[in-house]
Amino acid sequence: MKVVLAGGSGALGRRIAADLTEHGHEVVVLTRSARPGFPYRQAVWDGRSAGPWAAELEGAALVNLAGELVDRRPTPANIELLTRSRVDPTTALADAAAGLAKPPEVWVQMSTLAIYGDGGEALLDEHAPPADGPPQMAGVARAWEAAAEGAPAGRQVVLRTAVVLDRDTPALDRIAGLARWGLGGRIADGRQWMSWLHIDDLLAVIRLALTDPGLTGVLHATSPNPVRNADLMAALRDVLHRPAAPPTPAWLVRAGALLLRTDPALALTGRRCVPARLTEHGFTFRHADLRPALEDLLRRTG
């Protein structure tokens, strides 16, 4: 299968490209500037309009993960940046596909479980309605999905993805760093839920979405066992052999977010999401439980 990756030059895109190549697929990466020595075939696009690159989509499979990293302050300018960086490339892909005699056979549209905002204690599966806010979470995600809705393709799968745990990535590095620095206590009251997914399982879910003709619509890419923040931090301390640590109060998280230029809602809110459709489909998670997943990722780096 020929798979086109939009936004495939970032860390996650390279992981997906390597995995698909290992499983025998041809990978083409859409990029704004070709990189010498890049290990996958590249096609240059501007991320805003259709062009010669559109021919790569003819009868191919598409994985759309184009978009700026969300780890930034929730200012109006940043919300606009995050939205446009997702909507513009998605609109360009849809316009390009519409001009083809044979549009993509399958369109895997990346999204995020942040579309549910702060989910509180609710158990959320694929039937849960998206939240109205906050704008940097639910607002951006809703616009991203809306841009892909109705795009020409044989079928479309929307992957609402949990926090992906992988080595040398911001999500895991930041929380593991807190534990290593003796700041590995719960954040605020520690009751906020975290939906998470090991990188190995994300790659397997993407392969399934690409190749299984029975999968369409919204799919939760998340471990079946979400955890509370307090349990996450305790597991991190244990895996990294760090002692108990005092909690980090919410006011300190907000102050620290100013210094780190990040969004405090990433730490202070949460969602208790489950992969109901994957479970019904018989998908087997390699890393369903948090502690073994962290051991797998951190045992050589702790």
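So, here's what we can say about the structure. Treat the numbers as computed from the prediction; the structure is a model and nothing was measured.

1. Things to note about the overall build of the protein
- Summing up its helical and strand segments, the protein has 10 helices and 13 strands in all.
- The globule rule puts the C-alpha radius of gyration for 302 residues at 19 Å, and the 19 Å found for the protein is close to it.
- Projected onto the principal axes, the alpha-carbon positions of the protein cover approximately 60 × 40 × 40 Å.
- Relative to its 302 residues, the protein shows a buried fraction of 52%.
- Relative to all contacts within the protein whose residues are 6 or more apart in sequence, the contacts with residues 24 or more apart total 79%.

2. Some thoughts on the packing of helix α6 (residues 229-239) against helix α10 (residues 290-298)
- At a closest axis distance of 10 Å, the pairing of α6 and α10 adopts a crossing angle of 45 degrees. The pairing of α6 with α10 is recorded here as oblique in orientation. Note that α6 runs across α10; the crossing there is right-handed. In this structure, α6 uses L232, A235, L236, D238 and V239 to contact α10, whose residues at the interface are L290, R291, L294, E295 and L298.
- Class assignment for the residues of the contact of α6 with α10 results in seven nonpolar, no polar and three charged.

3. Quick word on the pattern of salt bridges
- Counted according to the given criterion, the structure contains 16 salt bridges.
- Across the salt bridge formed by R228 and E121, the nearest N and O atoms sit 2.9 Å from each other. Taken together, the residues span a long stretch of sequence, with R228 in strand β12 (residues 227-228) and E121 in the loop between β5 (106-112) and β6 (123-124) at a distance of 107 residues.
- Judged by relative accessible area, which is 16%, R228 ranks as buried.

4. Considerations on the side chain of N229
- Its location among the elements puts N229 in helix α6.
- Setting aside anything within four residues of it in sequence, one finds N229 in contact with R186, I187, G190 and Q192.

5. A look at the pairing of β5
- Counted residue by residue, β5 has six buried out of seven residues, so it is predominantly covered.
- Here strand β4 (residues 61-64) pairs with β5 via four bridges, running parallel. Across the sheet, residue V63 finds its bridge partner in β5, namely V108.
- Remark: the β4/helix α2 (residues 76-98)/β5 crossover connection has right-handed handedness.

Cut-offs applied
- Residues numbered from 1 in each chain as written.
- Predicted model: local features only at pLDDT ≥ 70, side-chain atom pairs only at ≥ 80, totals over all residues.
- Heavy atoms only, no water.
- Helix = DSSP H or I, 4+ residues; strand = E, 2+ residues; numbered from the N terminus.
- Rg over C-alpha atoms; globule rule 2.2 N^0.38 Å.
- Buried < 20%, exposed > 50% of the residue type's maximum accessible area, 1.4 Å probe, protein only.
- Contact = heavy atoms within 4.5 Å.
- Axes fitted to C-alpha atoms, helices over the stretch in contact; angles between N-to-C directions.
- Parallel < 35°, antiparallel > 145°, perpendicular 65-115°, else oblique.
- Left-handed = near helix turned anticlockwise from the far one by under 90°.
- Nonpolar A, V, L, I, M, F, W, Y, C, P; charged D, E, K, R; others polar.
- Salt bridge = Lys/Arg side-chain N within 4 Å of Asp/Glu carboxyl O.
- Pairing = 2+ DSSP bridges.
- Right-handed = clockwise from strand over helix to strand, strands pointing away.

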